Amino acid sequence: METQALRYAVIGAGGIAHYHLNDILAKPGVTLVGIADPADPKHWRVPALHQTVPRFTDAEIMLRETRPDLVSICTPNKFHHPCTLLALRHGAHVTCEKPLALTVAEAEAMESARAAAGKLGGINFSYRNNAAFRFARELIASGELGRLLRVNTVYLQSFLGAPATPHTWRNDATLAGFGALGDLGVHMIDGVWFLTGLVYRRVVGLAQTLIPEKTDAGGILRPVTTDTNATWLAELTGGVVATFETTQIAPGYGNFFRIEISGERGTLAVHSDFPEDIWLRAGATLTKYATWKTDVPQQKLPTDFIGRGAPATPGAIVHAIRGEKVDYPTFADGLRAQRVLGAILDSMQSGAWQAVN
Ligand SMILES: NC(=O)c1ccc[n+]([C@@H]2O[C@H](COP(=O)([O-])OP(=O)(O)OC[C@H]3O[C@@H](n4cnc5c(N)ncnc54)[C@H](O)[C@@H]3O)[C@@H](O)[C@H]2O)c1
């Protein structure tokens, strides 16, 4: 059967665009027809390989002139909503960066517009590509841990604490919406849901901005209006309690994302730095070691599992557009996570538990 040709375009030519371009252009039959970004193209971070592709500083003109079938939205968070609506209006499927939007209302509008247009929407919850996360999900679904009892997750970075790190859009609440909470926390929220399938019932959280100002690339001192630290508790289906902590200023941590889950028959943990490893003591191994007291050991995933399955994001949507059955994070997943983010923000303002609707 002939592969359906797809015209592909990117809005936002910064750091993450690279990742979208690599993954999506690796699919056969996909042609890059345009890239749009309002910044001077000499500052774009697009690989030299794509230098000859038509460049636009206006996304609408690009969409009108190049008529793409699929568009990646790789802009700062504030523009996910308007750029998605624009791409859908021009008849394209969309794969968008995370978090889906700044507010629940925007995320709902994006999902409604997608459904009305009859197009597909993906979100780059990139940890779903991690083999250990997928393995843990299968283990839990197979009942290996028994009834789930507790969840703990941390996502720690240090980059913002470094004096040399300049103030960027990520530190401006009007452009980013959130600091660590939306940037890292949204991966934690989706990660726990992806691994356990447990639904968020209610949340309570606290955030802090521990670095109040930073100098931007032009040497101007700017306020940091986003959170640098966020901590929250969630009650999941069946009363399971999950604890979360994230920060962008923990010295010594580059990108440390760990989820640990205990059930009645075992404990497992996954870690972003070890996509081929799992920490697991479960099921028969408890009997084998004849104790409930040993530490949870780090061990390799089965080798046949590691190579199984292509990355789900951002490129699996290409297969879905072609009618193949693929599991990839969609706008509905982005909206689910946005509702949790929204409830955490509300609880941070009110100081009380907030139901997740
Ligand atoms: N999935 C992940 O793990 C992951 C990792 C990194 C970044 N991201 C997400 O990717 C998005 C972009 O992050 P980044 O690190 O590439 O940022 P970046 O600052 O490197 O790049 C952003 C680019 O968007 C451009 N831009 C600004 N306004 C625009 C507009 N209105 N239309 C088009 N382009 C516009 C900027 O000029 C810049 O080139 C963010 O939403 C971020 O959360 C996700």
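Note that the structure is a prediction, hence the values are computed from the model and not measured.

Chemist: Please explain the pairing of strand S12 (residues 241–247) as it appears in this structure.
Modeler: Two faces make up the sheet, and in a regular strand the side chains alternate between them. Across 7 bridges, strand S7 (residues 148–156) lies against S12 in parallel orientation. Directly across from Arg-150, in S12, lies its bridge partner Val-241. Where strand S11 (residues 229–236) lies against S12, 7 bridges are found, and the strand directions are antiparallel. In the sheet register, Glu-235 faces S12, and the bridge partner there is Val-241.

Chemist: What is the right way to read the domain arrangement of the protein chain from this model?
Modeler: The figure often quoted for interface size is the accessible area lost as the parts come together. By domain assignment, the protein chain separates into domain 1 (6–119) and domain 2 (130–308 + 338–355). Computed over C-alpha atoms only, the centres of domain 1 and domain 2 are separated by 27 Å. Each side of the interface is counted separately: domain 1 has 11 residues, and domain 2 has 11 residues. Tallied by class, residues from the side of domain 1 that touches domain 2 come to 7 nonpolar, 2 polar and 2 charged.

Chemist: It is not clear to me how the nonpolar core should be interpreted in this structure. Could you clarify?
Modeler: Most often, soluble globular proteins keep nonpolar side chains buried together rather than apart. Counting residues in each nonpolar core, the largest one holds 95 residues, and the members touching the most others are Ala-136, Val-340 and Leu-341. With 8 residues, helix H12 (residues 331–350) is the largest single contributor of residues to this core. Split by domain, the residues of this core number at least three in each of domain 1 (6–119) and domain 2 (130–308 + 338–355). What Val-340 contacts, discounting residues up to four positions off in sequence, is Ile-189, Tyr-200, Val-203 and Val-356.

Conventions we followed
- Residues numbered from 1 in each chain as written.
- Predicted model: local features only at pLDDT ≥ 70, side-chain atom pairs only at ≥ 80, totals over all residues.
- Pairing = 2+ DSSP bridges.
- Helix = DSSP H or I, 4+ residues; strand = E, 2+ residues; numbered from the N terminus.
- Domains from an automatic or database assignment.
- Contact = placed C-beta atoms within 7 Å.
- Nonpolar A, V, L, I, M, F, W, Y, C, P; charged D, E, K, R; others polar.
- Core = buried A, V, L, I, M, F, W, Y, C linked by C-beta atoms within 7 Å.
- Buried ≥ 20, exposed ≤ 12 C-beta atoms within 10 Å, placed from the backbone.

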